[in-house]
2 protein chains.
Amino acid sequence: MTSKQEFIEKLRNSSLRPTKQRINICEVLFNRDKTFHFTINDLFNLIKDKTGEKVSLATVYNTVHAFLKKGYLKEIPINSNQTYFDTNVTDHHHFFDVNEEKLIDIKNEDVGPIEIQKSIPGKKIKSVEVLVKLED
Amino acid sequence: MTSKQEFIEKLRNSSLRPTKQRINICEVLFNRDKTFHFTINDLFNLIKDKTGEKVSLATVYNTVHAFLKKGYLKEIPINSNQTYFDTNVTDHHHFFDVNEEKLIDIKNEDVGPIEIQKSIPGKKIKSVEVLVKLED
DNA sequence: ACAAGAAATTAGAATAATTATAATATTAAA
DNA sequence: TTTAATATTATAATTATTCTAATTTCTTGT
């Protein structure tokens, strides 16, 4: 359980102004034990539900993007038409349950080493992510 | 080079009605040597350019989705806000050049075997895809 | 501490992406 | 053929995302 004050400090330390909106978003995103997978819309609705305060959808977008850039969130590549995000920013992979449209983390150590025997001149690898689609 | 007549047959054999729009889309998608990575918008613009005929954007969506379901196209999971598709429907992986926003195929044999040491009860693996992001 | 200017942030309005459905075209049946 | 059934198209509606004017927060000078 992180206090409002701690979020304010963390935001300031990241040179993000600790606005009421951002603090609310932090409470929803980071006051959790488990990692959290969500879409912008999930988050938008949860803010209203959990904090009672309304934050505009555009601000949710802005904040999520700010947090992404700071490395507090990770974007997960799935070809659903809604973009998914993850509060687990460590290097890891995902199951995507196609039937239930639900994401599940796969720890890095649960995936054997991935060897890419091809390279593109002038480019370096930024990330390697595995997406395992599941069905019933 | 596949003829219009051949596309008509292929569509019929897949129980897809061979409409003028679909034939135009086939010409743009499948009259190529190399595999083709595209977004709906890319395709929409190419149809006008290559065939001179206009097909509505909604029809492009419809057709791409129909082709996906039939297995003639593959959707590629990237977290760009535009969905990418691939005419290469074999099992394979991708580089995504983040700077140039460009996709590059990685043949299956250029990626070592991927071992997933975790499973979800009641669910079976539908696909395993690797996305390697590249930067300068 | 306070005011003024600079910079960042918010949220309404605009745009872009995708889907639903009424109108049209294609096919199947008689 | 003609009609009925079904599939397809494309406009209109909806949903997702971004842009920007108005507002808020911060910084600096006093």
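Residues numbered from 1 in each chain as written. Chains lettered and ligands numbered in written order. Predicted model: local features only at pLDDT ≥ 70, side-chain atom pairs only at ≥ 80, totals over all residues.

1. Brief notes about the nonpolar core
Line of reasoning, step 1. Grouped together as the largest cluster of nonpolar side chains are 54 residues, with contacts concentrated most on A:Ile25, A:Leu43 and B:Ile25.
Line of reasoning, step 2. Setting aside chain neighbours within four positions, we find A:Ile25 in contact with A:Ile47, A:Val55, A:Val60 and A:Thr63. (Core = buried A, V, L, I, M, F, W, Y, C linked by C-beta atoms within 7 Å. Buried ≥ 20, exposed ≤ 12 C-beta atoms within 10 Å, placed from the backbone. Contact = placed C-beta atoms within 7 Å.)

2. Overview of the domain arrangement of chain A
A common way to report how large an interface is uses the accessible area buried once the components associate.
Line of reasoning, step 1. Here chain A is partitioned into domain 1 (4–76) and domain 2 (90–134).
Line of reasoning, step 2. Each of domain 1 of chain A and domain 2 of chain A has a C-alpha centre, and the two are 25 Å apart. (Domains from an automatic or database assignment.)

3. Some points on unusual backbone geometry
Line of reasoning, step 1. Of note in this structure, A:Ser15 is not a glycine but carries a positive phi near 50°.
Line of reasoning, step 2. Mapped onto the elements, A:Ser15 comes out in the loop between helix 1 (4–13) and helix 2 (20–30).
Line of reasoning, step 3. Here the phi dihedral of B:Glu101 falls at roughly 50°; this positive angle occurs in a residue that is not glycine.
Line of reasoning, step 4. Mapped onto the elements, B:Glu101 comes out in the loop between strand 4 (92–97) and strand 5 (102–107). (Helix = DSSP H or I, 4+ residues; strand = E, 2+ residues; numbered from the N terminus.)

4. Brief notes about the interface of chain B and chain A
Line of reasoning, step 1. The interface is formed by 36 residues belonging to chain B together with 36 residues belonging to chain A.
Line of reasoning, step 2. At the level of elements, strand 2 (74–76), strand 4, strand 5 and strand 6 (124–135) of chain B are the ones that each hand at least two residues to the side of chain B that touches chain A.
Line of reasoning, step 3. At 12 residues, strand 6 of chain B tops the list of elements feeding residues into the side of chain B that touches chain A.
Line of reasoning, step 4. For the side of chain B that touches chain A, the class distribution of residues is 17 nonpolar, 7 polar and 12 charged.
Line of reasoning, step 5. Summarising the sheet, strand 6 (residues 124–135) of chain A and strand 6 of chain B pair through 11 bridges and their orientation is antiparallel. The residue of strand 6 of chain B that forms the bridge with A:Ile125 is B:Leu134. (Nonpolar A, V, L, I, M, F, W, Y, C, P; charged D, E, K, R; others polar. Pairing = 2+ DSSP bridges.)

5. Topic: the relation of the copies chain B and chain A
Line of reasoning, step 1. Mapping chain B onto chain A calls for a screw motion: a turn of 180° about the axis and a shift of 0.0 Å along it, with 0.1 Å RMSD after fitting. Taken together, the rotation and translation relating the two chain copies correspond to the operation of a two-fold axis. In terms of C-alpha distance to the rotation axis, chain B has B:Val130 as its closest residue, with the C-alpha 2.2 Å off the axis.
Line of reasoning, step 2. An overlap of 100% is found between the interface residues of chain B and their copies at the interface of chain A, pointing to a shared contact surface. (Least-squares fit on C-alpha atoms with pLDDT ≥ 70 in both.)

6. Looking at the protein's contact with DNA strand C
Line of reasoning, step 1. Near DNA strand C you find 23 residues, and of these A:Thr19, A:Gln21, A:Ser56, A:Ala58 and B:Tyr61 are the closest.
Line of reasoning, step 2. Elements that contribute at least two residues to the surface near DNA strand C include exactly helix 2 and helix 4 (57–70) of chain A together with helix 3 (40–51) and helix 4 (57–70) of chain B.
Line of reasoning, step 3. In terms of residue count, the dominant contributor to the surface near DNA strand C is helix 4 of chain A (4 residues).
Line of reasoning, step 4. Split into classes, the residues belonging to the surface near DNA strand C amount to 8 nonpolar, 12 polar and 3 charged. (Near = placed C-beta within 6 Å.)

7. A look at the protein's contact with DNA strand D
Line of reasoning, step 1. Surrounding DNA strand D, one finds 24 residues, the nearest of these being B:Arg17, B:Thr19, B:Gln21, B:Ser56 and B:Ala58.
Line of reasoning, step 2. When residues of the surface near DNA strand D are traced back to their parent elements, those giving at least two are helix 3 (40–51) and helix 4 of chain A together with helix 2 (20–30) and helix 4 of chain B.
Line of reasoning, step 3. Considering each element in turn, the surface near DNA strand D owes the most residues, 5 residues, to helix 4 of chain B.

8. Description of the pairing of strand 5 (residues 102–107) of chain A
All names here are of chain A.
Line of reasoning, step 1. As paired strands, strand 4 (residues 92–97) and strand 5 are joined by 6 bridges and run antiparallel to one another. Across the sheet, residue His92 finds its bridge partner in strand 5, namely Lys107.
Line of reasoning, step 2. What sits between strand 4 and strand 5 in their antiparallel hairpin is a turn of 4 residues, with Glu101 showing a positive phi close to 50°.

9. With respect to the environment of A:Asn79
Line of reasoning, step 1. Relative to the helices and strands, A:Asn79 resides in the loop between strand 2 (74–76) and strand 3 (84–86).
Line of reasoning, step 2. Excluding residues that lie within four positions of it along the chain, A:Asn79 makes contacts with B:Glu75, B:Ile76, B:Pro77 and B:Thr83.

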